[in-house]
Amino acid sequence: MIYLKNIALAFGDKTIFADVSWHITERSRIGLVGDNGAGKTTLLRAILGQVELDGGTIEITDRRNRSLAYLPQDLVELPKVPLLDHLRERCGIAALEKALRDYEGRIAVAACCLPDAATTPAEEAADPAEDEALASCRRLLRDYETTLALFNARDGYGFEARAGQVLKGFGFQETDYRRNCGEFSGGWKMRIHLAAILLSRPDIMLLDEPTNHLDTESMEWLESYLKDYPGTLIAVAHDRFFLDKMTTTIAEIALGRLTVYKGNYSWHLQEKERRRKTLEKAIRLQRGEMERTEAFIERFRYQATKAKQVQNRLRRLEKSAPLAAQESERTVRIGFPAGTKSGKEVLTVRDLRKEYGGRPVFSGVGFTLRRGERAALVGVNGAGKSTLSRLLGGVEAPSAGEIRYGLNVRMAFFSQESAENLRYDRTVWEEVLDVPSHCHDRERRSLLGAFLFSGDAIHKPVVVLSGGEKSRLALLKILLRKTNLLILDEPTNHLDLKTKDIFQEALLTYPGAVVLVSHDRYFLDRLVNRVFELRDGACREYLGNYSDFIEKRQSLPALPSGAEERGREGAAMPGRSPEGSDAPAGRPETAAAGTPAADVAGKAFRRREERRREAEERNRLARQRRTLWKDIQALEADIADRERRKAAGEEFLCHPLSHREPERIKRTVRDLRALEKEIEALYERWHELTASLEGA
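In this text, all values refer to a predicted model and were calculated from it rather than measured experimentally.

*Asks:* For this particular structure, what's the right way to read the sheet that holds strand β5 (residues 68-71)?
*Replies:* Adjacent strands of a sheet pair through backbone hydrogen bonds, lying either parallel or antiparallel. Read from one edge of the open sheet, 6 strands run β5-β6-β7-β3-β8-β9, paired in mixed fashion. On the outer flanks of this sheet lie β5 and β9 (257-262), each paired with one strand and no other. Taken over all neighbouring pairs, the strand axes of this sheet differ in orientation by 15 degrees on average, direction set aside. Relative to strand β8 (residues 249-254), strand β3 (residues 29-33) is paired through 4 bridges, and the arrangement is parallel. By the bridge assignment, L32 is partnered in β8 with A251.

*Asks:* In this structure, what is going on with the pattern of salt bridges? I would like to understand it.
*Replies:* Opposite charge on two side chains allows them to pair when their charged atoms are near. Tallied over the entire structure, the rule returns 39 salt bridges. D155 is the salt-bridge partner of R162, the closest N and O atoms lying 3.2 Å from each other. R162 sits in the buried class, given a relative accessible area of 11%. Note that R240 is salt-bridged to D501, the shortest N-O span being 2.5 Å. Highlighted residues: R240 in helix α9 (residues 240-246) and D501 in helix α16 (residues 497-508), separated in sequence by 261 residues. Given a relative accessible area of 24%, D501 falls into the partly exposed group. The network of salt bridges with common partners includes E223, D239, K245 and R521.

*Asks:* Would you take a moment to explain the packing of aromatic side chains for this structure?
*Replies:* Ring pairs (aromatic) are described by centroid distance and by the angle formed between their planes. Within the structure shown, the criterion is met by 13 aromatic pairs. Here the aromatic rings of F241 and Y522 are separated by 6.4 Å at their centres, their planes lie at 70 degrees, and the arrangement is edge-to-face. Taken together, the residues F241 in helix α9 and Y522 in helix α17 (residues 521-527) connect sequence positions 281 residues apart. Its end group placed over the ring of W188, R191 keeps NZ or CZ at 4.3 Å from the ring centre.

*Asks:* What's the story with the pairing of strand β10 (residues 345-356) in this structure? I'm lost.
*Replies:* With 8 bridges connecting them, β10 and strand β11 (residues 359-370) associate as antiparallel partners. Bridging across to β11, Y356 finds its partner in R359. By the bridge criterion, 5 bridges tie β10 to strand β13 (residues 400-405) in an arrangement that is antiparallel. Across the sheet, T348 pairs through a bridge with R404, a residue of β13.

*Asks:* I tried to follow the packing of helix α10 (residues 265-300) against helix α11 (residues 307-319) on my own but got confused; where do I start?
*Replies:* How two helices sit against one another is set out by the angle between their axes and by the gap between those axes. At a closest axis distance of 10 Å, the pairing of α10 and α11 adopts a crossing angle of 145 degrees. The crossing of α10 and α11 is left-handed. Contacts from M290, T293, E294, F296, I297 and F300 of α10 reach α11 at Q309, V310, R313, L314 and L317. For the contact of α10 with α11, the class distribution of residues is 7 nonpolar, 2 polar and 2 charged.

*Asks:* Would you take a moment to explain the packing of helix α2 (residues 83-90) against helix α6 (residues 159-169) for this structure?
*Replies:* Two numbers describe how α2 lies on α6: the axes approach to 11 Å, and their chain directions differ by 115 degrees. In terms of their interaxial angle, α2 and α6 are classed as roughly perpendicular. The crossing of α2 and α6 is right-handed. Facing α2, whose interface residues are L83, L84, L87 and R88, α6 presents F159, E160, A163 and L167. Among the residues forming the contact of α2 with α6, the class breakdown is 6 nonpolar, no polar and 2 charged.

*Asks:* Is there a simple way to think about the side chain of T483 in this case?
*Replies:* With respect to the helices and strands, T483 occurs in the loop between α15 (467-479) and β15 (485-489). Residue classification places T483 among the buried positions, given a relative accessible area of 5%. Once you skip the residues sitting within four places of it in the chain, T483 turns out to touch G339, R410, M411, A412 and Y510.

*Asks:* Would you explain helix α18 (residues 546-553) in this entry?
*Replies:* Given 3.6 residues to a turn, an α-helix orients residues that are three or four positions apart in the same direction. Restricting attention to buried positions, one finds in α18 the residues Y546, F549, I550 and R553. Seen along its axis, α18 keeps its buried residues to an arc of 100 degrees; they face one direction. Among the structural elements, α8 (216-226), β12 (374-378), α17, β17 (530-535) and β18 (538-543) are those in contact with the buried residues of α18.

*Asks:* Would you mind showing me how to read the pairing of β18 here?
*Replies:* Along any regular strand the residues' side chains alternate between the sheet's two faces. Here β18 shows a buried face lined by A538, R540 and Y542 and an unburied face lined by C539, E541 and L543. Where β17 lies against β18, 6 bridges are found, and the strand directions are antiparallel. Within β18, the residue paired with R535 across the bridge is A538. Hairpin connection of β17 to β18: 2 residues between the antiparallel strands, including D536 at a positive phi of 55 degrees.

*Asks:* Help me out: how do you make sense of unusual backbone geometry in this one?
*Replies:* For residues that are not glycine, phi is negative in most cases, and the peptide bond is trans in most cases. A positive phi angle is found at D19, which is not glycine, with a value near 55 degrees. With respect to the helices, strands and loops of the structure, D19 is situated in strand β2 (residues 14-24). Since its relative accessible area comes to 52%, D19 is described here as exposed. The phi angle at D62 is positive, at roughly 55 degrees, despite the residue not being glycine.

*Asks:* Any chance you could explain the confidence of the model for the chain here in plain terms?
*Replies:* The predicted coordinates should not be examined in detail at positions where pLDDT is low. Per-residue pLDDT for the chain has a mean of 82; in total, 86% of the residues score no lower than 70. Between residues 557-598, whose pLDDT stays under 50, and residues either more than four places distant or in other chains, the model counts 49 contacts.

*Asks:* Please explain the sheet that holds strand β4 (residues 55-60) as it appears in this structure.
*Replies:* The sheet built from 3 strands is open, its strands ordered β2-β1-β4 with antiparallel pairing. Single-partner strands in this sheet number two, and they are β2 and β4. If you compare each strand with its neighbour and ignore which way they point, the axes differ by 20 degrees on average. Here strand β1 (residues 2-11) pairs with β4 via 5 bridges, running antiparallel. Bridge pairing in β4 links A8 to G55. Strand contacts of helix α1 (residues 40-48): β1, β2 and β4, with the helix running at about 125 degrees to β1, the strand carrying the most contacts.

The rules behind the values
Residues numbered from 1 in each chain as written. Predicted model: local features only at pLDDT ≥ 70, side-chain atom pairs only at ≥ 80, totals over all residues. Heavy atoms only, no water. Pairing = 2+ DSSP bridges. Helix = DSSP H or I, 4+ residues; strand = E, 2+ residues; numbered from the N terminus. Axes fitted to C-alpha atoms, helices over the stretch in contact; angles between N-to-C directions. Salt bridge = Lys/Arg side-chain N within 4 Å of Asp/Glu carboxyl O. Buried < 20%, exposed > 50% of the residue type's maximum accessible area, 1.4 Å probe, protein only. Phe/Tyr/Trp six-rings, centres within 6.5 Å; stacked < 30°, edge-to-face > 60°. Lys NZ or Arg CZ within 6 Å of the ring centre and 35° of its normal. Left-handed = near helix turned anticlockwise from the far one by under 90°. Contact = heavy atoms within 4.5 Å. Nonpolar A, V, L, I, M, F, W, Y, C, P; charged D, E, K, R; others polar. Parallel < 35°, antiparallel > 145°, perpendicular 65-115°, else oblique. Arc of directions from axis to C-beta. pLDDT = per-residue confidence, 0-100.

Spelled out as structure tokens, the structure:
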């Protein structure tokens, strides 16, 4: 379907493509990978026709009848119109609706010029003007039917419902649907642009870093949506989970060449290593054969009886071209300098609350982070992950609650906002030199090279750096410091896969504690052992990595950490022996030698009574726990029922034909408000019961 024929492109002395050919078949799912600057974005733009090649061609079969959609990596500007109106316009629905209204008006006018029904056929034929009016009306009806068929093919009547589904998947609220597109921030504008692409259902979808501006839940939704996409998908991404789930072919661009691997990203890594080893083996065999041939020639060069064999081997040696070894990728390892050992408890948070302008972001947040633990903060955009990281990093003060650092804690904070990490009046090298470190200049330069600052780039002013370069420089400054607590807010946003792996390996060997905000699920999966989810203004804890969190989250709303296990323990206690003793039942008490039998009997009786009272207390607590647990389960069922009723009401309001029932709309809005209050009250009661269960 898409044919790349010997394409070549160079910018100055840097070769981007050198005689590259590739055939992309229909319905392919391709991931483009490679280092920063290798040419991934350039290839997408070349397919679109936005880049003029130095040589070769790119052809798309039946181009005129195929629709292409492109999501750029850079931020996009949107018109200042309501969100839903913009989506209608981008997907062609607005133009079709306008055309249908226009046809309806013209048909109504043309119908007025038609002959009266009482007119006889002979009279009708005698008037040429009426014949022309009838023919014009028929043409208008045919055009109207064609436009209506196209409108139905694009699911015009169900467009608003589909748009609501996509926008909800990307984290938009219903109140956002009528907001002006210009009011949204850059990241949300990219989501709007991506939503327009999904709703337009193009034949070929070119996505350049589609996961950059999505939280983990939105990425999971996007992956589930794209599973049923019937067209051709070509995506540039630095998210391994996305590449593994969405792609069946990986195309790697490096040193002007393009290498295709059939499989997802994980398989591509294995196949790439296998090919490298196979090539190395072939090179060794070829070199051995050439050395044996040269030795034979040298030995028998001057013997007349071997002259013919020598000549044959000389010709064979001249014809055999030596195999070229692949350029080995430079392996860079970085590590955090050893800092002072902190106390066992590094960070303690108690009843933390944060609000802006009287509007709460979260409340009741509490946890303890110990030395060596690595915790992730996750949640949808706007849940408060960055806010909590800024509170922990000391950039902002909480509205209520306490943050206490342990003994000898040395903290470093990485912010998404580069202005908080860097001074713009310096150069890259001056920023690196300003960090107190045991590293000498050569080691600092090596680290700069690992983070893609090489040559004269180290003398560039910070103010002219791109967003990605600023993030990498701020990350490098943290690597130079001696710390034992890291608070990192989206540190991997602008790192390619290779640099991300280098940084991840450094964090895996970091002996201190880490609190991490990231939407890179593979990065989180390998790194963290605790997950804190911010949802609905509260914080829930999950033990394990990101995959464990996803598995456990399916059963929300969850009990606080440890409550479920304690509830099960309490329920199991009545199964123990009545006395609560570990001794086998029926074993007699024996009197010590020389002790009166009455004393022995009295002591035995008292011990039995004591054990009986302890058993009764344990059973009472177990019954109390069972009662609390049943109440909690009943509350969770009530919450789930009201959540379902709320979702049904919201679904009705999103339906494109709901406007025909204004009374039902009013009733549904009243019901939704009441349900929200009931759900809030039920959650408060749930928190009270779970707290009682923990204390029981």
